[in-house]
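Listed below, chain by chain, are the residues.
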Amino acid sequence: MRHRTRTTSLLLLLFLLLLGGVIALPLIPEASAQADRLDWAARLAEMDRALARGETTAVAAAWREAYVAAHASRDWPGMIAVGDAALRAGRATRTPEVFEPRARRAYLTALLRARRQASRDGVLAAGEAFGRLGDRDAERLAKAEAAKLAIRAESAARRGARAL
């Protein structure tokens, strides 16, 4: 008898916890790619304001926060923007030796993400970004990869059309 009461009590407790989860779940805010994009964009705007004021410490801090936000977004456009911002920061603070490697890392991340997402535009954007760094080999490789993506997309479109 005692075992049955304990089991019933545990089942009732489990039911109440489950019910509480069902009630609370809609109250949890949804994460969105748009929120992440705005986050890195806001951080870059903050960096640009710090650049205008000549506050180099604030520039570096805002850039790092933008990088983290863009990295968390899991998309390529933020990484391109963060790489471009690194180049701006390097020129403005006269420390390109600090910011160019950061830009290169951001562009490489953008290239890998764009490739994984089969985004021809993203791969081309990353290639152009490497061109701005003067890395013609990376630029050429990105253009070749973009051409491969275009061929694959065209081939998939033809297969889809034949299937109809």
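Right, let's walk through the structure included here. What you are looking at is a predicted structure, and each value in this text was computed from that prediction instead of being measured.

**Remarks on the nonpolar core**
- Core analysis: the biggest nonpolar cluster contains 38 residues, and L44, M47, W63, I80, V82, Y107 and V123 have the highest contact counts within it.
- Secondary-structure elements contributing two or more residues to this core are α2 (33-53), α3 (56-73), α4 (76-93), α5 (96-116), α6 (120-132) and α7 (136-163).
- Sort the elements by how many residues they give to this core and α4 lands first, with nine residues.
- Here M47 is in contact with V59, A62, W63, A85, R88 and A89, once residues within four sequence places are set aside.

**Here we look at the environment of F99**
- Here F99 shows up in helix α5.
- Taking the C-alpha atoms as reference points, F99 and A60, 39 residues apart in sequence, are found 9.2 Å from one another.
- Excluding anything up to four places from it in sequence, F99 contacts A60, W63, A86, A89, G90 and T93.

**Overview of the pattern of salt bridges**
- All told, the structure shown has 11 salt bridges when counted by the stated rule.
- Measuring nitrogen to oxygen at the nearest pair gives 3.1 Å for the salt bridge that ties R53 to E55.
- Take E55: its relative accessible area is 35%, and that puts it in the partly exposed class.
- A salt bridge links K143 to E139, with the shortest nitrogen-to-oxygen separation between them at 3.8 Å. Residue K143 and its partner E139 are located together in helix α7, separated by four residues, close to a single helical turn.
- Accessibility expressed as a relative area gives 15% for E139, which makes it buried.

**Here we look at the environment of A147**
- Mapped onto the elements, A147 comes out in helix α7.
- Taking the C-alpha atoms as reference, A147 lies 7.8 Å from R120; in sequence the two are 27 residues apart.

**Looking at the side chain of S119**
- Secondary-structure assignment places S119 in the loop between α5 and α6.
- Excluding anything up to four places from it in sequence, S119 contacts W76, A114 and L149.

**Overview of unusual backbone geometry**
- Its identity as a non-glycine residue notwithstanding, R74 has a phi of 65 degrees, on the positive side.
- Residue placement: R74 occurs in the loop between α3 and α4.
- The exposure class of R74 is exposed, given its relative accessible area of 56%.
- The phi torsion at R94 lies on the positive side, around 60 degrees, for a residue other than glycine.
- On the secondary structure map, R94 appears in the loop between α4 and α5.
- On the accessibility criterion, R94 (72% relative accessible area) is exposed.

**Examining α5**
- With 21 residues, α5 should cover 30 Å at 1.5 Å per step; its first-to-last C-alpha distance of 30 Å lies within 8% of that length.
- The elements touched by buried residues of α5 are α3, α4, α6 and α7.
- Positive phi appears at A118, one or two residues downstream of α5, with a value of about 55 degrees.

**Remarks on α3**
- The terminal C-alpha atoms of α3, which comprises 18 residues, lie 26 Å apart, in line with the 26 Å expected from a rise of 1.5 Å per residue.
- Among all positions in α3, only V59, A60, A62, W63, A66, Y67, A69, A70 and S73 are buried.

**Remarks on the packing of aromatic side chains**
- Counted under the stated rule, the structure contains three aromatic pairs.
- When the ring of W63 is compared with that of Y67, the centres are 5.4 Å apart and the planes differ by 25 degrees; the resulting orientation is stacked. A residue pair is termed a helical-turn pair when its members lie 3 or 4 positions apart in one helix, as W63 and Y67 do in helix α3 at four residues. Of the two residues, W63 and Y67, both sit in the buried class.
- Here the aromatic rings of Y107 and F130 are separated by 6.0 Å at their centres, their planes lie at 70 degrees, and the arrangement is edge-to-face. A residue pair is termed long-range when its members are at least 10 positions apart, and Y107 in helix α5 and F130 in helix α6 qualify at 23 residues.
- Among the residues examined, F130 registers a relative accessible area of 4% and is labelled buried.

Criteria and cut-off values
Residues numbered from 1 in each chain as written. Predicted model: local features only at pLDDT ≥ 70, side-chain atom pairs only at ≥ 80, totals over all residues. Heavy atoms only, no water. Core = buried A, V, L, I, M, F, W, Y, C linked by side-chain atoms within 4.5 Å. Buried < 20%, exposed > 50% of the residue type's maximum accessible area, 1.4 Å probe, protein only. Helix = DSSP H or I, 4+ residues; strand = E, 2+ residues; numbered from the N terminus. Contact = heavy atoms within 4.5 Å. Salt bridge = Lys/Arg side-chain N within 4 Å of Asp/Glu carboxyl O. Expected span 1.5 Å × (residues − 1). Phe/Tyr/Trp six-rings, centres within 6.5 Å; stacked < 30°, edge-to-face > 60°.

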